[in-house]
Amino acid sequence: MSQKNSSTTTKETSIIPIVHAEAPVEEPENTEETPEEPEDPKPKIVEECGETSACKPLKHHLEECTRRVEESGTGENCAEEFLHFMHCVDHCAAPKIFAC
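So, how was this worked out
Residues numbered from 1 in each chain as written. Predicted model: local features only at pLDDT ≥ 70, side-chain atom pairs only at ≥ 80, totals over all residues. Heavy atoms only, no water. Helix = DSSP H or I, 4+ residues; strand = E, 2+ residues; numbered from the N terminus. Expected span 1.5 Å × (residues − 1). Buried < 20%, exposed > 50% of the residue type's maximum accessible area, 1.4 Å probe, protein only. Arc of directions from axis to C-beta. Axes fitted to C-alpha atoms, helices over the stretch in contact; angles between N-to-C directions. Parallel < 35°, antiparallel > 145°, perpendicular 65-115°, else oblique. Left-handed = near helix turned anticlockwise from the far one by under 90°. Contact = heavy atoms within 4.5 Å. Nonpolar A, V, L, I, M, F, W, Y, C, P; charged D, E, K, R; others polar.

**Here's the deal with helix 3 (residues 56-72)**
Phase 1 of the analysis: Look at helix 3: 24 Å from first C-alpha to last across 17 residues, which is about the 24 Å you get at 1.5 Å a residue.
Phase 2 of the analysis: Every buried residue of helix 3 is listed here: Leu-62, Cys-65 and Val-69. Down the axis of helix 3, the buried set is contained in an arc of 65°. They therefore lie on one face. For helix 3, the exposed residues set more than 90 degrees away from the buried face come down to Pro-57, Glu-70 and Glu-71.
Phase 3 of the analysis: Looking one or two places after helix 3, you find Gly-73, whose phi comes out positive at around 70°.

**Let's talk about the packing of helix 2 (residues 42-50) against helix 4 (residues 79-99)**
Phase 1 of the analysis: Across the interface, helix 2 lies against helix 4 with an axial gap of 9 Å and an inter-helix angle of 130°. Judged by the inter-axis angle, helix 2 sits oblique to helix 4. Helix 4 is crossed by helix 2, and the crossing has right-handed handedness. Across from Lys-42, Ile-45, Val-46, Cys-49 and Gly-50 in helix 2, the residues of helix 4 making contact are Phe-85, Val-89, Cys-92, Ala-93, Lys-96 and Ile-97.
Phase 2 of the analysis: Of the residues belonging to the contact of helix 2 with helix 4, the class tally is eight nonpolar, one polar and two charged.

Listed below in structure tokens is the structure:
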């Protein structure tokens with residue numbers, strides 16, 4: 001019986017490269033404070049637009065539909081009312097968001 005040699009042979013290293021682990025490079029700690037990210041204005045603008053005189057009736061209609069669906073338990077949904085409301089909100093909010 002032949003005994004296996006634990007060291008790698010030239011043939012093995014030519015096919016399978018040997019990789020050695022390196023010590024991790026330590027990065028110096030950053031003593032400066034990272035700047036805080038600016039607050040996203042979109043949620044506030046969208047909320048304000050939902051309360052405008054143009055969108056308020058659509059919001060009321062959506063809330064009424066939601067209440068009716070929750071009470072009745074029928075297969076009805078309020079997708080159409082939601083889309084009308086969001087269209088109004090987007091129409092109001094888009095110019096304000098892009099102006100920021």
